[in-house]
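Commentary on secondary and tertiary structure
Each chain is listed here by its residues.
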There are 2 protein chains.
Amino acid sequence: MSPSDPPAPDPAACPPHKPDPRIQQPDAPDACTPEGTGHADRFTRAREAQAQALLEDYVEMIGDLIEQLGEARVADIAARMGVAQPTATKAIARLKREGLATARPYRGVFLTETGARMADRVRVRHRTVVEVLVAVGVPRDLAELDAEGIEHHVSSQTLAAFQSYLDQRG
Amino acid sequence: MSPSDPPAPDPAACPPHKPDPRIQQPDAPDACTPEGTGHADRFTRAREAQAQALLEDYVEMIGDLIEQLGEARVADIAARMGVAQPTATKAIARLKREGLATARPYRGVFLTETGARMADRVRVRHRTVVEVLVAVGVPRDLAELDAEGIEHHVSSQTLAAFQSYLDQRG
DNA sequence: TCGGCAATATAGCCGTTGCTAACTTGATGA
DNA sequence: TCATCAAGTTAGCAACGGCTATATTGCCGA
Ligand SMILES: [Mn+2]
Ligand SMILES: [Mn+2]
Ligand SMILES: [Mn+2]
Ligand SMILES: [Mn+2]
């Protein structure tokens, strides 16, 4: 596993990189070929989830701000996200592009119907993730921290399993 | 929550954006000011975890490939990550920059001591996350998928809690 | 009313992570 | 031996998400 320790491949097991045009039917998964393990989709999936994460957090937070303060200002959004104001403005531009928010320049930011629905969904999921973490023994403060990243990778089916788990253990 | 529904802020509760130079001591958390809630660190933390995610996945996978095939080739890395070869090459360049891997051009990729240690740590964490998900009722296939993203946001303390949970419930 | 200032927007930089197209290299087999 | 061609690299593009510096706007109080 170190550069000075060149690997000793077992030549009998998995001859690497000798394209063997013999009996291979092209769509049969080959145990000796990395593609055969089908791990790639996992990473693609995780990347897609991550691409949504920023939108989800902004939308949830804008919903919170409107609820708590009556409006969502760029300065407040930026402060809560821990970014500079132009960064928040740029993110809001993306929210608008994706139909999740609207904004009147130099005024507040508002959620569309779609955005508001996403905010609610994300808020529920966030709370459920925290509760599951607490239920398995994570201190609540820490659960709150870790959940902020974890939540975006919890699929709806996994979320359903979480809810069952919490219900059934009262 | 919609643009046509301008918020009705409770003016008595939290007068927004009137900088009130009165009795405020500057470092006292203000309940009416979003910064006072101290949520920003959470997101900063999640962003930092995410910045590590790519490195962690590559390092783990390179370790797997060396173990399984005796060597880690760019083509195999790219295939398993579900990206194009130049994307893998670029990621490997970052691994080298960060002291996690070395590579002989046109030959294989190798892990440094640091990289190998990270690979082991990440592999253990990945398995633990999957086992916790399974333990709370997530089907194993799905647990494997979701864990690929979740793992990177599980802090070492949360991981310790996960391990205790798994131990204590046999 | 209107000048000043705080909030917001814009411009432009950087690094990361994808991609495709084109070039280089080196291993293989005839 | 050496031509071929798969594997790898390089070049260059785009989108995203940070940032700072600067321009703009609109709100409030004098
Ligand atoms: Mn989050
Ligand atoms: Mn959240
Ligand atoms: Mn992962
Ligand atoms: Mn993993």
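Residues numbered from 1 in each chain as written. Chains lettered and ligands numbered in written order. Predicted model: local features only at pLDDT ≥ 70, side-chain atom pairs only at ≥ 80, totals over all residues. Heavy atoms only, no water.

1. Some remarks on the packing of helix 1 (residues 40-69) of chain A against helix 5 (residues 140-150) of chain B
Where helix 1 of chain A meets helix 5 of chain B, the axes come as close as 8 Å, and the angle between the chain directions of the two elements is 50°. Considered as vectors, helix 1 of chain A and helix 5 of chain B are oriented oblique to each other. Judged by the sense of rotation from one axis to the other, the crossing of helix 1 of chain A with helix 5 of chain B is right-handed. Contact residues: Arg 42, Phe 43, Arg 45 and Ala 46 of chain A in helix 1 of chain A; Leu 142, Glu 144, Leu 145, Asp 146, Glu 148 and Gly 149 of chain B in helix 5 of chain B. A per-class count over the contact of helix 1 of chain A with helix 5 of chain B returns four nonpolar, one polar and five charged. (Axes fitted to C-alpha atoms, helices over the stretch in contact; angles between N-to-C directions. Helix = DSSP H or I, 4+ residues; strand = E, 2+ residues; numbered from the N terminus. Parallel < 35°, antiparallel > 145°, perpendicular 65-115°, else oblique. Left-handed = near helix turned anticlockwise from the far one by under 90°. Contact = heavy atoms within 4.5 Å. Nonpolar A, V, L, I, M, F, W, Y, C, P; charged D, E, K, R; others polar.)

2. Points about the interface of chain A and chain B
The interface of chain A with chain B comprises 62 residues on the first partner and 62 residues on the second. Approximately 5,700 Å² of surface area, both sides summed, lies buried where chain A meets chain B, with 65% of it carried by carbon and sulfur atoms. Run the count over chain A and chain B and you get six salt bridges. With a shortest N-O distance of 2.5 Å, Arg 42 of chain B and Glu 148 of chain A are connected by a salt bridge. Counting across the chain A and chain B interface gives 15 residue pairs in polar contact (both at pLDDT 80 or more). Secondary-structure elements contributing two or more residues to the side of chain A that touches chain B are helix 1, helix 2 (74-81), strand 2 (109-111), helix 4 (113-135), helix 5 (140-150) and helix 6 (156-168) of chain A. At 14 residues, helix 1 of chain A tops the list of elements feeding residues into the side of chain A that touches chain B. Residues belonging to the side of chain A that touches chain B are distributed by class as follows: 30 nonpolar, 18 polar and 14 charged. (Buried area = accessible area lost by both parts, 1.4 Å probe. Salt bridge = Lys/Arg side-chain N within 4 Å of Asp/Glu carboxyl O. Polar contact = N/O pair within 3.5 Å; in protein donor to acceptor, adjacent residues only side chain to side chain.)

3. Considerations on the nonpolar core
Membership of the largest hydrophobic core comes to 32 residues, with the highest contact counts inside it found for Leu 133, Val 138 and Phe 162 of chain A together with Leu 133, Val 138 and Phe 162 of chain B. Among the secondary structure elements, those contributing two or more residues to this core are helix 4, helix 5 and helix 6 of chain A together with helix 4 (113-135), helix 5 and helix 6 (156-168) of chain B. Residue contacts for Leu 133 of chain A: discarding those within four places in its chain leaves Val 138, Ala 143, Ala 147 and Ile 150 of chain A together with Phe 162 of chain B. (Core = buried A, V, L, I, M, F, W, Y, C linked by side-chain atoms within 4.5 Å. Buried < 20%, exposed > 50% of the residue type's maximum accessible area, 1.4 Å probe, protein only.)

That's the geometry; what it means functionally is another story.
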